Amino acid sequence: MSPEGSSSVLGADLGRTWSVRAATIRGMPPDLHPSLAEASTTPYWLDQEDRPDPRPPYDVNGTADLCVVGGGFSGLWTAILAKERDPAREVVLLEGNRIGWAASGRNGGFCAASLTHGRANGAERWPDEINTLDRLGQENLDAIEESVKRYGIDCDFDRTGAITVATEPHQLGWLREMVEENPQATYLDQDAVRAEVSSPTFLGGVFEPRDNALVDPARLAWGLATAAESLGVRIHEHTRVSGLARGGAGLDVRTDSGAVVRAGRVALGTNAFSSLVRRVRLHTVPVYDYALMTEPLSPDQLDAIGWRGRQGLDDMTNQFHYFRMTRDHRILWGGYDAIYHFGRHVRPSYDQRPETFDLLARQFFTTFPQLEGVRFSHRWGGAIDTCTRFCAFFGTAYAGRAAYALGYTGLGVGATRFGADVMLDLLDGVDSERTRLEMVRKKPMPFPPEPFAWTGIELTRRSLAAADRNQGRRNLWLRALDRAGLGFDS
Ligand SMILES: Cc1cc2nc3c(=O)[nH]c(=O)nc-3n(C[C@H](O)[C@H](O)[C@H](O)COP(=O)(O)OP(=O)(O)OC[C@H]3O[C@@H](n4cnc5c(N)ncnc54)[C@H](O)[C@@H]3O)c2cc1C
């Protein structure tokens, strides 16, 4: 397809999105793409028969050296690394819902080396430390691979590498810049990229062999929980923490049921949920990201797309797609829309967005027309904790007794392990290469309160979509954000 063709298909898709949205608002069942008719609304990864039973809630007062709040990757890695550093340390982990039920169990399963939501974002903000950040990111991904092996975690961890594809001619120059910056990267011209994964929309690509692994994220979270328990961590699910208060030489961690953990130190891995440290609440906003999963492809369908290397793929538009294969030959297709709801709320009802699913399905068949007839088995969404610099920030509260790592903005599957190490360094008072990083010492600008947050984010979203339709040309608003260091470019 010509680039003009792909833009006009996108324009038609956007028009259709509005009509589906209007139907939803009018209370009519939206006319979804037929491929979605039977898709389950449970996130694919969580829809597994051998999902572990919940651990009992925390219901009596007790003590711990370290209390970890949150049972996603952030909290789980913190608990494991705390024990690895000091096996005698008593660690308790409190999860308000289920282990891995939130972002950690419903993401694309791209476990990336980048700590900075891509090298370009990191290089723009910290040009003097980007090489260190890249090295630390590779070491972090190596360490995840090693831990998965050591603890025997069955999560389909596969270091397949990543291919970034250009779907518009103006993006080909950006591909060449990527190759110049990464000595391990290979440029793929149109024939070469289509030989890897066959799509008429791909004009070129870059293959980065070591920068990404694919995982089954829910199984990774469940496996990390088992590993943490094998080290002596006590895990309690369905235990929401309602507040922190100074207690003795540490902090009292109060749960909804009224039970209290008196902890020497507290690590917060609460992601997009309202932070227990009030002063950082304006630093993140929950933004909803959506994904589809196909049924397993038949041998003929597999032949039609190639993709023998099972690399993780993304494209280069501001509103980008990410897509990958599972071991049983399904395709996960996600991204594009990023939806913020007025008021910073995280609500289960936001996990489903028919107009986004419809749009994603149409874009999928534009990318892979040879798969016409394939059906989606699952459709779901989840909240990501977006901050104004698009990668994690860190800090302490309560005179150094509590630490937090937040703001991963949709690239936290791998980076949360690095963030866990940073939190432990901060809590242990360790002066390390990590804690000396400007990325760790400095915080991003907060978002403004409502209604300015919603207005600014919506304006940015529409401007990014317009830039995608306009050969990447950024309007005045985006250029102003770029100048203020708040611009996002995938
Ligand atoms: C649809 C989607 C696709 C994504 N795709 C990718 C991807 O492919 N690659 C990638 O790197 N990243 C991706 N991400 C982002 C990634 O999933 C997150 O960055 C990462 O999982 C964050 O882990 P976490 O532990 O910080 O957060 P979460 O997994 O959200 O865990 C936070 C936990 O804290 C608990 N909690 C919160 N407050 C309290 C409280 N007061 N008391 C007790 N418990 C509490 C919550 O119940 C939750 O379980 C995606 C996200 C989404 C939603």
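On a predicted model such as this, the values are computed, not experimentally measured, just so you know.

In the predicted model, the protein chain carries a mean pLDDT of 92, and 93% of its residues have values of at least 70. A low-confidence stretch, residues 1–29 stays under pLDDT 50, and its non-local contacts, those more than four residues away or across chains, total 35 contacts.

Right, let's get into the nonpolar core. Of all hydrophobic cores here, the largest spans 65 residues; its most connected members are Leu-66, Leu-93, Ile-99, Phe-157, Leu-220, Leu-224 and Phe-394. Top element by residues in this core is helix H7 (residues 217–230). It accounts for 8 residues. Setting aside residues up to four positions removed in sequence, Ile-99 forms contacts with Arg-55, Gly-71, Leu-76, Leu-93, Ala-221, Trp-222, Ala-225, Ile-235 and Glu-237. Leu-32, Val-197, Tyr-290 and Val-374 belong to the second largest nonpolar core, which has 36 residues in total.

This brings us to the sheet that holds strand S4 (residues 162–166). Within a sheet, neighbouring strands are paired by backbone hydrogen bonds and run either parallel or antiparallel to one another. What the 8 strands build is an open sheet, ordered S5-S6-S4-S13-S14-S15-S12-S16; its pairing is mixed. Strand pairing shows two members of the sheet lacking a second neighbour, strand S5 (186–188) and strand S16 (376–386), which therefore form its edges. Ignoring which end each strand starts from, the neighbouring axes of this sheet average 20° apart. Two strands pair when backbone bridges link them, and S4 and strand S13 (residues 312–315) are joined in this way by 4 bridges, in the parallel orientation. From the neighbouring strand, Thr-164 faces S13, where its bridge partner is Asp-314. Docked against the sheet, helix H9 (residues 354–367) engages strand S12 (285–294), strand S14 (321–325), strand S15 (331–340) and S16, running at close to 135° with respect to S15. Together, S12 and S15 form the strand contacts of helix H12 (residues 452–469), whose direction differs from that of S15 by roughly 130°.

Next up on the list: the packing of helix H2 (residues 73–85) against helix H10 (residues 415–428). For any two helices packed against each other, the geometry comes down to the angle between their axes and how far apart the axes lie. Running from N to C, H2 and H10 point in directions that differ by 55°, and their axes come no closer than 8 Å. The angle between H2 and H10 falls in the class oblique. Classified by chirality, the crossing of H10 by H2 is right-handed. Contacts between H2 and H10 involve Phe-73, Ser-74, Trp-77, Thr-78, Leu-81, Ala-82 and Arg-85 on the former and, on the latter, Thr-416, Arg-417, Ala-420, Asp-421, Met-423, Leu-424, Asp-425 and Asp-428.

Before going further, it helps to spend a moment on the packing of aromatic side chains. What the rule picks out here adds up to 19 aromatic pairs. When the ring of Trp-333 is compared with that of Phe-368, the centres are 6.4 Å apart and the planes differ by 65°; the resulting orientation is edge-to-face. Residue Trp-333 is located in strand S15, and its partner Phe-368 is located in the loop between H9 and S16; the two are separated by 35 residues in the primary sequence. Phe-368 carries the same exposure label as Trp-333, and that label is buried. Measuring from centroid to centroid gives 5.1 Å for Phe-364 and Phe-365, while their planes differ by 85°, and the two rings are edge-to-face. For Phe-365, a relative accessible area of 7% translates into the label buried.

Right, let's get into the environment of Glu-237. By secondary structure assignment, the location of Glu-237 is in the loop between strand S8 (234–236) and strand S9 (241–247). Its relative accessible area of 0% is what places Glu-237 among the buried residues. In the structure, Glu-237 is positioned 166 residues away from Gly-71 in sequence and 8.1 Å away in space, judged by C-alpha atoms. With residues up to four places along the chain from it excluded, the contact list for Glu-237 reads Asp-53, Pro-54, Arg-55, Pro-56, Pro-57, Glu-95, Asn-97, Arg-98 and Ile-99. Side-chain polar atoms of Glu-237 contact the backbone nitrogen of Arg-55, separated by 3.0 Å.

Turning our eyes to something else, we now look at the site of the ligand. The environment of the ligand is made up of 36 residues, and the closest members are Glu-95, Ser-104, Phe-110, Val-241 and Val-413. Contact distances for the ligand include 3.4 Å between an oxygen atom and a backbone N or O atom of Gly-109. Within the side chain of Asn-271, one N or O atom sits 2.9 Å away from an oxygen atom of the ligand. For the ligand, the accessible surface in isolation is 1000 Å², of which the surrounding protein chains cover 97%. Those elements giving two or more residues to the shell around the ligand turn out to be H2 and S16. Per-element accounting of the shell around the ligand gives the leading share, 3 residues, to S16. Split into classes, the residues belonging to the shell around the ligand amount to 15 nonpolar, 17 polar and 4 charged.

Our focus in this paragraph is the side chain of Glu-129. You can see Glu-129 is positioned in the loop between helix H3 (119–125) and helix H4 (130–150). Comment: no salt bridge for buried Glu-129; closest opposite-charge side chain is Arg-441, at 5.4 Å. Here the side chain of Glu-129 touches Met-439 through a polar contact of 2.9 Å, landing on its backbone nitrogen. Sequence-distant contacts of Glu-129, that is, excluding residues within four places in its chain, are made with Leu-437, Glu-438 and Met-439.

On to the pattern of salt bridges, then. All told, the structure shown has 41 salt bridges when counted by the stated rule. One salt bridge connects Asp-142 with Arg-210, and the closest N-O pair in it is separated by 3.8 Å. Taken as a pair, Asp-142 in helix H4 and Arg-210 in the loop between strand S6 (204–208) and strand S7 (212–214) lie far apart in primary sequence, 68 residues in all. What makes Asp-142 partly exposed here is its relative accessible area of 35%. One salt bridge connects Arg-353 with Glu-355, and the closest N-O pair in it is separated by 3.6 Å. Accessibility classification places Arg-353 together with Glu-355 in one group, the buried group. One salt-bridge network, held together by shared partners, links Arg-85, Arg-89, Arg-417, Asp-421, Asp-425, Asp-428 and Arg-434.

About the criteria used
- Residues numbered from 1 in each chain as written.
- Predicted model: local features only at pLDDT ≥ 70, side-chain atom pairs only at ≥ 80, totals over all residues.
- Heavy atoms only, no water.
- pLDDT = per-residue confidence, 0-100.
- Contact = heavy atoms within 4.5 Å.
- Core = buried A, V, L, I, M, F, W, Y, C linked by side-chain atoms within 4.5 Å.
- Buried < 20%, exposed > 50% of the residue type's maximum accessible area, 1.4 Å probe, protein only.
- Helix = DSSP H or I, 4+ residues; strand = E, 2+ residues; numbered from the N terminus.
- Pairing = 2+ DSSP bridges.
- Axes fitted to C-alpha atoms, helices over the stretch in contact; angles between N-to-C directions.
- Parallel < 35°, antiparallel > 145°, perpendicular 65-115°, else oblique.
- Left-handed = near helix turned anticlockwise from the far one by under 90°.
- Phe/Tyr/Trp six-rings, centres within 6.5 Å; stacked < 30°, edge-to-face > 60°.
- Polar contact = N/O pair within 3.5 Å; in protein donor to acceptor, adjacent residues only side chain to side chain.
- Near = heavy atom within 4 Å.
- Areas by Shrake-Rupley, 256 points an atom, 1.4 Å probe, with all protein chains shown as cover.
- Nonpolar A, V, L, I, M, F, W, Y, C, P; charged D, E, K, R; others polar.
- Lys, Arg positive; Asp, Glu negative; His and termini not counted.
- Salt bridge = Lys/Arg side-chain N within 4 Å of Asp/Glu carboxyl O.

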